[in-house]
Amino acid sequence: IAQADAPLVRGYLEDRLEAFELDERVDVLAILSLRGVSSARLELAERLREGFPPGRRGARCVRALIVRDAAEHVSLFRDHFPAEDDLILNIALGRALVEARDDLALQFLRHALWSGPWDRSVLSALVLRDVGGPNSLRDELHRIPHSATSRDLRRIGFAIGEWGGLEAIHYLQERESLMLRSPILQGALLGALGRRTH
């Protein structure tokens, strides 16, 4: 199966699909989907309606479904998230929901971004940035919740500095006209400095 990139192997797997047991068949469909076989992706989605395999196998199935367009299977991801006691699968499903720009997933991420604890907030910032691009965190500065404290502002500033570096500092000073006393800029400076020590 690791050789599924080879045209002969891929053709063999497609031709012999019916011969595989259900668990193996799901694995083969996922691998073929990752290699761009559209019919395999559609059949995989149909097979997964009853549930995803656990752990890394399930995460591979999620990756196979989002290879073309995460939004295409958003209802399937939503139906099976969260999976009980399966961190690996939950991470894959959660990322797929965010990539699909599912409203509920984005609301959850934004809530985690603007409320503690610190590590969860910065991790949420990283996911938002990975999915929405480098400007997504800057956009959050125009949607600051009314309940945000100076600590919350420092935390998002830290994330902007951590993931955007010195370029983000210049942006905050020039475009957002933030002064050094701003908690956002203070956090960004700390984030950028911390990044340089890694």
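As the structure is a computational prediction, the values presented were derived from the model and not from experiment.

Moving on to the overall build of the chain. Summing up its helical and strand segments, the chain has eleven helices and zero strands in all. Shown N-terminal to C-terminal, the secondary structure of the chain runs as helices and strands in the order α-α-α-α-α-α-α-α-α-α-α. Put simply, the chain has 198 residues, and 45% of those count as buried. Split by element, the accessible area of the chain, about 11,500 Å² in all, is 52% carbon and sulfur.

Let's shift gears to the packing of helix α8 (residues 118-132) against helix α10 (residues 150-174). Running from amino to carboxyl end, α8 crosses α10 at an angle of 50°, the nearest separation of the two axes being 9 Å. When the axes of α8 and α10 are compared, the pair comes out oblique. At the point where α8 passes α10, the crossing takes the right-handed sense. Residue-level inspection shows Trp118, Ser121, Val122, Ala125, Leu126 and Arg129 of α8 in contact with α10, the latter providing Arg154, Arg155, Phe158, Ala159 and Trp163. When grouped by side-chain class, the residues that make up the contact of α8 with α10 number seven nonpolar, one polar and three charged.

Turning to its location among the elements, valine 131 is positioned in helix α8. Considering only alpha carbons, one finds valine 131 and glutamate 99, 32 residues apart in sequence, at a separation of 5.8 Å. Apart from the residues within four sequence positions on either side, valine 131 is in contact with Val98, Glu99 and Arg101.

Here we take up the environment of histidine 111. With respect to the helices and strands, the residue histidine 111 is situated in helix α7 (residues 103-114). A residue is classified by how much of its surface remains accessible, and histidine 111, at 54% relative accessible area, is exposed. Separated by 13 residues in the primary sequence, histidine 111 and serine 124 place their C-alpha atoms 9.0 Å from one another.

Turning next to the side chain of glutamate 140. For glutamate 140, the location among the structural elements is in helix α9 (residues 135-140). Given the relative accessible area of 2%, glutamate 140 is considered buried. Not counting chain neighbours up to four residues away, the residues in contact with glutamate 140 comprise Arg110, Leu113, Trp114 and Ile156.

For helix α6 (residues 87-99), spanning 13 residues, the distance from its first C-alpha to its last is 18 Å, which sits close to the expected 18 Å at 1.5 Å a residue. Among all positions of α6, only Leu89, Asn90, Ala92, Leu93, Gly94, Ala96, Leu97 and Val98 are buried. On its buried face, α6 sits against α4 (55-65), α5 (74-80), α7 and α8.

The rules behind the values
- All residue numbers here refer to positions counted from 1 along the written sequence of the relevant chain.
- For a predicted model such as this one, the threshold for reporting local features is a pLDDT of at least 70, and the threshold for listing and counting side-chain atom pairs is 80 or more; totals across whole chains, interfaces and linings nevertheless cover every residue.
- Side-chain descriptors were evaluated using all non-hydrogen atoms of the structure, hydrogens and water having been removed beforehand.
- Helix and strand definitions here come from DSSP, where helices need a minimum of 4 consecutive H or I residues and strands a minimum of 2 consecutive E residues; each element is numbered from the N-terminal end.
- Burial classes follow relative accessibility: with a 1.4 Å probe on protein chains only, a residue under 20% of its type's maximum area counts as buried, one over 50% as exposed, and anything between as partly exposed.
- In short, Shrake-Rupley with a 1.4 Å probe defines the accessible areas, and a residue's cover is counted only from the protein chains shown.
- A fitted line through C-alpha atoms serves as each axis, taken over the contacting stretch for helices, and the angle formed by two N-to-C directions is quoted from 0 to 180°.
- In this scheme, roughly parallel covers angles under 35 degrees and roughly antiparallel covers those over 145, while 65 to 115 is roughly perpendicular and the rest are oblique.
- A crossing counts as left-handed when the near helix is turned anticlockwise from the far one by less than a right angle, and as right-handed when that turn is clockwise.
- Whether two residues are in contact is decided by their heavy atoms, any of which lying within 4.5 Å being enough.
- Each residue gets one label: Ala, Val, Leu, Ile, Met, Phe, Trp, Tyr, Cys and Pro are nonpolar, Asp, Glu, Lys and Arg are charged, and the others, such as Gly, are polar.
- Helix span, expected: 1.5 Å multiplied by one less than the number of residues in the helix.

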